[in-house]
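Spelled out from the first residue to the last, the chains are:
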Amino acid sequence: GNIVGLDGPISPDFFPKAAEVAGPVLGERINVVWAENVGAHLMTLTPEQVREQMRAYLGKGVDFVKYASSDHLMALRTGFAPNYLVFSERVQQVIVEEAHRAGTTAQAHTTTVESLRMAIEAGCDLIQHPNSTGPTPIPESTLRMLSQRRTGCVVFPFTRRRCEWAAEKCGELYSRFLADSNHNARNLIQSGATLLMGNDGSL
């Protein structure tokens, strides 16, 4: 399944440059099939409308739900580092409720301290890269909540060499995105949060 709330791979949410190769017709077709009925248009709907769309999506037999609590690659859209919330707290709760009602897990993609907090409070089972919160460290209250609720955290650990390489090759925006990643990972360990390790392949 797609990351709920984002559009397909040949869109500003993922790899917009691919449209130069795929062309507008094929690119749009791929995006529609990829996103099913749960792309970026969900941001414009009411919680109950999102509930209807989620039930239709889950009815297709997806294995789990992953939604965007915050944006994915805002830098591609505007030139700024990722920093906006995709869904309200009510909509996030609806998405989690519908995933659980269908007997599957709810995961969230977060890139800021507020999107992380909102995903935890919505009842997510698993949060992807919670240690990546840009230049703002995870607050103590959020660390406590993660630990107490036993929300799973997939941490993306980085070696010093990897961080130095990113700073040199990926520019200021990427470095800003990872600014507190190492500090957050250490605090997550110390907090007693439930941790798993992973990566996004290209990261």
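As the structure is a computational prediction, the values presented were derived from the model and not from experiment. (Residues numbered from 1 in each chain as written. Predicted model: local features only at pLDDT ≥ 70, side-chain atom pairs only at ≥ 80, totals over all residues. Heavy atoms only, no water.)

Can you break down the overall build of the protein chain residue by residue, with the values?
Helices and strands together make up the secondary structure of the protein chain, namely 10 helices and six strands. Rg of the C-alpha trace for the protein chain: 17 Å, near the compact-globule value of 17 Å for 203 residues, within the 12% margin. With the principal axes as the frame, the protein chain shows a C-alpha extent of 45 × 40 × 25 Å. A buried classification covers 48% of the 203 residues belonging to the protein chain. A separation of at least 24 residues holds for 68% of the contacts in the protein chain among residues at least 6 apart in sequence. Computed over 19 positive and 21 negative side-chain charges, the separation of the two mean positions in the protein chain equals 4 Å. (Helix = DSSP H or I, 4+ residues; strand = E, 2+ residues; numbered from the N terminus. Rg over C-alpha atoms; globule rule 2.2 N^0.38 Å. Buried < 20%, exposed > 50% of the residue type's maximum accessible area, 1.4 Å probe, protein only. Contact = heavy atoms within 4.5 Å. Lys, Arg positive; Asp, Glu negative; His and termini not counted. Charge placed at Lys NZ, Arg CZ, Asp CG, Glu CD.)

Break down the sheet that holds strand β5 (residues 152-155) for me, citing the residues and quoting the values.
An order of β1-β2-β3-β4-β5-β6 is seen for the six strands of this open sheet, with the pairing classed as parallel. Every interior strand has two partners, whereas the edge strands, β1 (3-4) and β6 (194-197), have only one. Here four bridges tie strand β2 (residues 65-68) to strand β3 (residues 106-109), and the two strands are oriented parallel to one another. Within β3, the residue paired with V65 across the bridge is A106. Contacts between helix α5 (residues 89-101) and the sheet are confined to β1, β2 and β3, with β2 contributing the most and set at about 175° to the helix. (Pairing = 2+ DSSP bridges. Axes fitted to C-alpha atoms, helices over the stretch in contact; angles between N-to-C directions.)

Go over the nonpolar core, please, and point to the residues and values.
Generally speaking, a soluble globular protein has its nonpolar side chains buried in company with each other. In this structure, V4, M54, Y67, F87, I95 and L188 are the most contacted members of the largest nonpolar core, which totals 38 residues. Top element by residues in this core is α5. It accounts for five residues. Ranked by size, the runner-up nonpolar core spans eight residues in total, among them V154, F156, Y174 and L178. (Core = buried A, V, L, I, M, F, W, Y, C linked by side-chain atoms within 4.5 Å.)

Break down the pattern of salt bridges for me, with residues and values.
Scanning the model with the defined rule gives 11 salt bridges in all. The partner of E121 in a salt bridge is R117, and the shortest N-O contact between them spans 2.5 Å. On the criterion of helical spacing, the pair formed by E121 and R117 is a turn pair, its members being four residues apart in helix α6 (residues 113-122). The exposure class of R117 is buried, given its relative accessible area of 18%. Within this structure, E48, R51, R55, E97, E98 and R101 form a network of salt bridges that share partners. (Salt bridge = Lys/Arg side-chain N within 4 Å of Asp/Glu carboxyl O.)

Let's hear about the confidence of the model for the protein chain: which residues, and what values?
Residues with a pLDDT of 70 or more make up 93% of the protein chain, whose mean pLDDT is 89. Across the protein chain, the element-wise mean pLDDT spans from 49 in helix α4 (residues 74-78) up to 98 in α5. (pLDDT = per-residue confidence, 0-100.)

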